[in-house]
Amino acid sequence: YDLALQYAKELKRPVLINFTGSDWCSWCIKLSKEVFTEGAFLAYAKDNLVLLKLDFPRKKQLPKAEQDINNALASDFNVEGFPTIVLVDASGKEINRTGYQPGGPEQYIIHLKGLLKPE
């Protein structure tokens, strides 16, 4: 998390934090397959975002230190379900949040751009 914020400061970009249950949450898996692994999204993210995936798997065991960090961040951001996508600025201040959206990577990029627009 700290590295992502540092990187975001250097690049002057927001961080997209993906709170996911990668091996059990059907909406998380759908979001990953339909959006986060697609070329259009990856190209957009490469130039506009810092990506941070915080996983809460059930079938595999993460190292305890990683579990503790993920749990602390989920608590800090008051994550109540998965997937939760939190957009933060380089200081860690929440900009907006979302979850799964239908329509593939192009629609998701439009959705994110709307969430990132200054009020």
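Residues numbered from 1 in each chain as written. Predicted model: local features only at pLDDT ≥ 70, side-chain atom pairs only at ≥ 80, totals over all residues. Heavy atoms only, no water.

**Q** Break down the pattern of salt bridges for me, with residues and values.
**A** The full count for this structure, using the stated rule, is 3 salt bridges. A salt bridge links Lys30 to Glu34; the nearest nitrogen and oxygen atoms lie 3.2 Å apart. Taken together, the residues span about one helical turn, with Lys30 and Glu34 both in helix α2 (residues 26-36) at a distance of 4 residues. For Glu34, a relative accessible area of 26% puts it in the partly exposed group. Measuring nitrogen to oxygen at the nearest pair gives 3.0 Å for the salt bridge that ties Lys64 to Asp68. Here Asp68 and Lys64 lie together in helix α4 (residues 64-76), a separation of 4 residues that amounts to about one turn. (Salt bridge = Lys/Arg side-chain N within 4 Å of Asp/Glu carboxyl O. Helix = DSSP H or I, 4+ residues; strand = E, 2+ residues; numbered from the N terminus. Buried < 20%, exposed > 50% of the residue type's maximum accessible area, 1.4 Å probe, protein only.)

**Q** How would you explain the environment of Ala90 if you had to name every residue and give the values?
**A** Note that Ala90 resides in the loop between β3 (84-88) and β4 (94-98). For the pair Ala90 and Tyr44, spaced 46 residues apart in the sequence, the C-alpha separation amounts to 18 Å.

**Q** Which residues make up the packing of α2 against helix α5 (residues 104-116), and what are the values?
**A** Here α2 crosses α5 at 95 degrees, and the two axes come no closer than 7 Å. With respect to α5, the axis of α2 lies roughly perpendicular. For the pair α2 and α5, the contacting residues are Leu31, Glu34, Val35 and Phe36 in the first and Gly104, Pro105 and Tyr108 in the second. Here the contact of α2 with α5 is composed, by residue class, of 5 nonpolar, 1 polar and 1 charged. (Axes fitted to C-alpha atoms, helices over the stretch in contact; angles between N-to-C directions. Parallel < 35°, antiparallel > 145°, perpendicular 65-115°, else oblique. Contact = heavy atoms within 4.5 Å. Nonpolar A, V, L, I, M, F, W, Y, C, P; charged D, E, K, R; others polar.)

**Q** Tell me about the nonpolar core, and please be specific about residues and values.
**A** Counting residues in each nonpolar core, the largest one holds 17 residues, and the members touching the most others are Val15, Ile17, Phe19, Leu54, Phe77 and Val88. Secondary-structure elements contributing two or more residues to this core are α1 (2-11), β1 (15-20), β2 (50-55), α4 and β3. What Val88 contacts, discounting residues up to four positions off in sequence, is Leu5, Pro14, Val15, Ile17, Phe77, Lys93, Glu94 and Ile95. (Core = buried A, V, L, I, M, F, W, Y, C linked by side-chain atoms within 4.5 Å.)

Scope: geometric values only; no functional claims are made or implied.
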